[in-house]
Structures are given as C-alpha cells and as structure tokens.
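Structural characterization, general
The lines below spell out each chain.
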Amino acid sequence: MPYALLAPQLLVTLIFFYWPAAQAVRQSFLIEDAFGLSSDFVWFENYRALFSDPSYYHALGTTLVFSAAVASLSLSLALLLAVMADAEIRGAAGYRTFLIWPYAVAPAIAGVLWIFMLDPSLGLIAHGLEGLGIDWNPRLNGLQALTQVVLASAWKQISYNFLFFLAGLRAIPRSVIEAAAMDGARAWRRFWTITLPLLSPTTFFLVAVNIVYAFFETFGTIDTMTGGGPAGATETLVFKVYSDGRMGGDLGGSAAQSVILMLFVIGLTAIQFRFVERRVAY
C-alpha cells in the first residue's frame, strides 16, 4: 500500500524532472540544428563557449542581485504582515484571507498587473512618480526595469511566505510571550529575543524556497514585463536559457546553461543546509 500511494508522485517526478534533466545533460554535449534533426557530439565545447561569453556573466550577476532583492523583500514584508495579522484585532480573519489571495495569481498575470501600475504611459504609480519629478521609464532605464520586476516577483511570493510565518507565529506558546511582558520586556524586545529566534526553522525553510523561486519561477513575470530588456538588464539565467535555446536556436548551449543553473542552485541549497542551519533553533 505505501508503494502504491507513492507511485503516482514518483512517476510524475521521474517523467517531468529526472527524465528532462537527463536529456538536458545529454544535450549539453551536442551541437544540434535549430530543429533538432541532426547533432554532433562535441564533448565540453558548449561549456567552454559559455564560460567565455561575457553576457553569461552579466546574466549571472543580474540573477544574484535579483534573487537577493526578491527574497529579502518578500520575506521581510511577509513577516511584517504576519505579525500584524496575528494580533487580536477585529476583522483579522478577513485581513488574513485577503493577504493570501495574491498567491493564486499566475506569474504572467502578476506581471501584467504591475505593468498597468508602472507603465510610463498607463501606470498610476508611474504618473505619481512623474508628479514627484522622477523620470520613470523602465523601457529605457535598466535599473528601473529591474526594480519593477523585483517588485512584481516579490509581491507574488509574499502570500506564500505570509502563510508559513503566520503558522509559525501561531505555534509559539502565548505563555512565553506573556511571561516576557510581565518581566518588563517591550514589544520590540520580545520580538527580537523570543519571536524571531523561535521562527528560525520557518525562516530557514522560506529562505531556501524563495531562492529557488527567484531563480526559476520568475520567468513568466520577466517575460511578460520586460522580455529580458532593456539591453539585457533583466535577463536572468533562467530567461537566458529560454532566449538562447528557444529564440536563438542554440539548443546545446541552452542545455549547458540549464545544467549549470541546476548545479548552482543545488550547491547554493547545500551551503545553506551546511552552514546556515547551524543557527536554526528547533
């Protein structure tokens, strides 16, 4: 019975993860035409060409900045909202429900929503920035384009982080907080010395999940909002895999990029579990 219950999930994982991953590794050693009809085995030629490409290092730097910004912004705002929603106030259940809803929005739809707010011609926020004297044009300004993609991606992930932070806050015994209050600890001190350390397992889990999200699941938002532009300012590693393979027809080079990206994320996650987990108090 246990194997029968696990079989569907194992089958899905095998078909949609391990098999494509194995195909990508195999394809990274080949040079193929744009239609995949002919191929030549070239060993590590795709990897050598990739590591000699300056645009790849530019995409790597953009990915690191983008991932750090998305993870830190979404986690900090989600924690703030969870602390506020955990308070005993009237209508708190309604606030929690509204804060969860954005998680149901697809990444591409989230990008469209933020375009309507930040587009220099249509956006309400863009008009407000112009009223403040800020020259807002993410179509031409790379930093502004990256900023709007970060905002849209972080907003999409806040609801997910909010759920886990709220569950973690609910698991903290109220007696511990009340005892600290009776000892004279103010709210800010109680948060830093009691609440935040007890939330460390949840925070550690969410940091790993948010980094994976920023690396892989933000493709739809970037594709919808900027298409990697302007001039590659918002081209992350996962978007470069798509643009080089699907748009550029370099199937072998795209496969090599996907293999390196997979190894990079696995290594980054392993480092987190090896060093960061030491600070987690279970």
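Structure: above.
Definitions and cut-offs
Residues numbered from 1 in each chain as written. Predicted model: local features only at pLDDT ≥ 70, side-chain atom pairs only at ≥ 80, totals over all residues. Heavy atoms only, no water. Helix = DSSP H or I, 4+ residues; strand = E, 2+ residues; numbered from the N terminus. Buried < 20%, exposed > 50% of the residue type's maximum accessible area, 1.4 Å probe, protein only. Contact = heavy atoms within 4.5 Å. Axes fitted to C-alpha atoms, helices over the stretch in contact; angles between N-to-C directions. Parallel < 35°, antiparallel > 145°, perpendicular 65-115°, else oblique. Left-handed = near helix turned anticlockwise from the far one by under 90°. Nonpolar A, V, L, I, M, F, W, Y, C, P; charged D, E, K, R; others polar. Phe/Tyr/Trp six-rings, centres within 6.5 Å; stacked < 30°, edge-to-face > 60°. Core = buried A, V, L, I, M, F, W, Y, C linked by side-chain atoms within 4.5 Å. Polar contact = N/O pair within 3.5 Å; in protein donor to acceptor, adjacent residues only side chain to side chain.

Turning next to the environment of L169. On the secondary structure map, L169 appears in helix α7 (residues 142–171). Here L169 falls in the buried class, since its relative accessible area comes to 6%. Along the chain, L169 and L64 lie 105 residues apart, while their C-alpha atoms are 30 Å from each other. The contact partners of L169, leaving out residues within four places of it in the chain, are A82, V83, D86, T195 and L199.

The geometry of helix α5 (residues 107–118) relative to α7 is characterised by a closest axis approach of 9 Å and an angle of 130° between their N-to-C directions. As judged from the angle between their axes, α5 and α7 are oblique. In this structure, α5 meets α7 at a crossing whose hand is right-handed. Contact residues: P107, A110, L113, W114 and L118 in α5; Q148, L151, A152, W155 and K156 in α7. Its residues assigned to classes, the contact of α5 with α7 shows eight nonpolar, one polar and one charged.

This paragraph deals with the packing of aromatic side chains. How two aromatic rings sit relative to each other is set out by the distance from centre to centre and by the angle between their planes. Per the counting criterion, the structure on display carries 20 aromatic pairs. Between the aromatic rings of F29 and F44, the centroid separation amounts to 5.3 Å while the plane-to-plane angle is 80°, which identifies the pairing as edge-to-face. Of this pair, F29 sits in the loop between α1 (2–27) and β1 (30–32) while F44 sits in the loop between β2 (39–41) and α2 (45–51), placing them 15 residues apart in sequence. Judged by relative accessible area, F29 falls into the buried class, the value being 17%. The exposure class assigned to F44 is partly exposed, which follows from its relative accessible area of 43%.

A cis amide bond, omega -5°, links G229 with the succeeding residue P230. Along the chain, P230 turns up in the loop between α11 (219–225) and α12 (237–247). The residue W43 is not glycine, and still its phi comes out positive at about 55°. W43 gets classed as exposed once you look at its relative accessible area, which sits at 56%. The phi angle at A231 is positive, at roughly 55°, despite the residue not being glycine. You can see A231 is positioned in the loop between α11 and α12.

As a further point, take the nonpolar core. If you look at the biggest cluster of nonpolar residues, it comprises 19 residues, and the most contacted ones within it are A82, F162, F165 and L199. When contributions to this core are tallied by element, the ones reaching two or more residues are α3 (54–85), α7, α8 (174–182) and α9 (187–198). In terms of residue count, the dominant contributor to this core is α7 (six residues). A82 has contacts with F162, F165, L166 and L169, leaving out every residue within four places of it along the chain.

This paragraph deals with the packing of α3 against α7. Packing of α3 against α7 brings their axes to within 6 Å, and their N-to-C directions diverge by 40°. What the angle tells us is that α3 and α7 run oblique. By crossing handedness, the relation of α3 to α7 is classed as right-handed. Split by residue class, the contact of α3 with α7 holds 23 nonpolar, five polar and no charged.

Another point: the side chain of S74. Structurally, S74 can be placed in helix α3. Looking at S74, its side chain comes within polar contact range of the main-chain oxygen of V70, at 2.7 Å. A polar atom in the side chain of S74 sits 3.2 Å from the backbone oxygen of A71. Excluding residues that lie within four positions of it along the chain, S74 makes contacts with A154, Q157, I158, N161 and N210.

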